[in-house]
Amino acid sequence: MGNLLKVLTCTDLEQEPNFFLDFENAQPTEAEREIWEEVDVVLKDAKAILDELQAYKGAGPDIREAIQNPNDEALQEKAWAAVVPLVGKLKKFYEFSQRLEAALHSLLGALTSETYSDPTQHLEREQALARQFAEILHFTLRFDELKMTNPAIQNDFSYYRRTLSRMRINNVPAEGENEVNNELANRISLFYADATPMLKTLSDGTTKFVSENKNLPIENTTDCLSTMASVCKVMLETPEYRSRFTSEDTVSFCLRVMVGVIILYDYVHPVGAFAKSSKIDMKGCIKVLKDQPPNSVEGLLNALRYTTKHLNDESTNKTIKSMLQ
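These numbers come from a predicted model, not from an experiment. (Residues numbered from 1 in each chain as written. Predicted model: local features only at pLDDT ≥ 70, side-chain atom pairs only at ≥ 80, totals over all residues. Heavy atoms only, no water.)

Details of the pattern of salt bridges
Note the following rule: Basic side-chain nitrogens of Lys or Arg form a salt bridge, by our definition, when they fall within 4 Å of a carboxyl oxygen of Asp or Glu. Only DSSP runs of H or I with at least four residues qualify as helices, and only runs of E with at least two residues qualify as strands; both kinds are numbered from the N terminus onward. For each residue, the accessible area found with a 1.4 Å probe, counting protein chains only, is set against the maximum for its type, and the residue is called buried under 20%, exposed over 50%, and partly exposed in between.
Scanning the entire structure with this criterion turns up 18 salt bridges. Note that E95 and K91 form a salt bridge whose closest N and O atoms lie 4.0 Å from each other. Taken together, the residues span about one helical turn, with E95 and K91 both in helix α4 (residues 73–111) at a distance of four residues. E95 sits in the partly exposed class, given a relative accessible area of 38%. Overall, the relative accessible area of 18% leaves K91 in the buried class. Linking R305 and E298 is a salt bridge whose minimum nitrogen-to-oxygen distance equals 2.8 Å. The class of E298 is partly exposed, set by a relative accessible area of 37%. Overlapping salt bridges, with partners in common, bring together R142, E145 and R256 in one network.

This is the structure in structure tokens:
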């Protein structure tokens, strides 16, 4: 474990995991390799998906013209021709979410297995898999940030579905119908209807993992998530660790991963991340976020405010609520 830096353990009653998780350079051991390679195939496509989503402009002007001039056939055809390839992209993003969920299942299977006695050992000794898990969370929050600021996505898809059903009623052959059949269109529509579709996919996927693995105590999964949150927090607030990041991007990566695992924990744990019995130091995590330049973390604070499940529960500590106001 040459790349791990052990320091004095903290004096909190609940001892926090204290080791350096190498998000920049962790490479798979032989034991990790099979799952690592399987997940790597998915993650290789993640950057291209984000680039395509970031460049997604939508067919708004063409759609508006077509709606304002319903009898102008040329404008209807122009809008349809603009929307069909975009729907192909939206389908591709949706299908990627399914691949991502499958990759998450593989990683959770490894990181919660009985190979090691506790989640700290898992994350410390299976750093390459922990890094991939972090990369999935980072991608998820980034995807949802981009989707939330792009209303064209839902507008384009709604127009596609309305036009398609009108074509069917009028028995007009629709080029592009093969792209997305009705059942798939319903699933895609539900996916994009959610404010944070990728996060919902991961939350549902994690919950499904827990329910499908009844022989595995739920704590194996929730402790894996809370430990990951603690590791990120400790690395961000410990100058000795933070100085080992070779890029400032790793700081924002670490912050995003911390928030991602908190949200997952909040969905999967019966009482959530904000309860007294939660194994995540929420005050500490929020403080770490608030210690960053404000414009760099507002989106992450909003993710905690608006996409968690238990923040507004009666049992949530008032100090935590006021920290997020």
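Notes on the packing of helix α3 (residues 60–68) against α4
The condition is simple: What counts as an axis is a line fitted to C-alpha atoms, over the stretch in contact for a helix, and the angles between N-to-C directions run from 0 to 180 degrees. Angles are sorted into four bins: roughly parallel if under 35 degrees, roughly antiparallel if over 145, roughly perpendicular if 65 to 115, and oblique for all others. Handedness of a helix crossing follows the sense of rotation of the near helix relative to the far helix, less than a right angle counterclockwise being left-handed and clockwise being right-handed. Whether two residues touch is decided by their heavy atoms; if any such pair falls within 4.5 Å, the residues are in contact. Think of it as three bins: nonpolar holds Ala, Val, Leu, Ile, Met, Phe, Trp, Tyr, Cys and Pro, charged holds Asp, Glu, Lys and Arg, and polar takes everything else, Gly as well.
Interhelical geometry of α3 versus α4 gives an angle of 150° and a closest axis separation of 8 Å. By the angle between their directions, the pair α3 and α4 is classed as roughly antiparallel. In the crossing of α3 with α4, the sense of the turn from one axis to the other is left-handed. Mapping the contact onto sequence places D62, I63, E65 and A66 in α3 and L75, Q76, K78, A79, A82 and V83 in α4. Its residues assigned to classes, the contact of α3 with α4 shows six nonpolar, one polar and three charged.

Side note on the packing of aromatic side chains
Test applied: In summary, the pairing rule links any two rings of Phe, Tyr or Trp, Trp by its six-membered ring, whose centres are within 6.5 Å, and it sorts them by plane angle into stacked for under 30 degrees, edge-to-face for over 60 and tilted for everything else.
Across all of its chains, the model carries seven aromatic pairs by this definition. The interplanar angle of 5° and the centroid separation of 5.3 Å between the aromatic rings of W80 and Y160 together place this pair among those described as stacked. Taken together, the residues span a long stretch of sequence, with W80 in helix α4 and Y160 in helix α7 (residues 152–169) at a distance of 80 residues. Neither residue differs from the other here; W80 and Y160 are each classed as buried. The structure contains a cluster of three or more aromatic residues connected by ring pairs, namely F93, F96, F139 and F143.

Digging into the confidence of the model for the protein
What counts is decided by this rule: One number per residue, pLDDT, summarises how confident the predictor is, and it ranges from 0 to 100.
When pLDDT is averaged along the protein, the result is 84; 89% of the residues meet or exceed 70. Ranking the elements of the protein by mean pLDDT puts helix α5 (residues 119–125) last with 71 and helix α2 (residues 46–54) first with 95. Note on residues 1–13: pLDDT is under 50 here. Beyond four places in sequence and across chains, it has 28 contacts.

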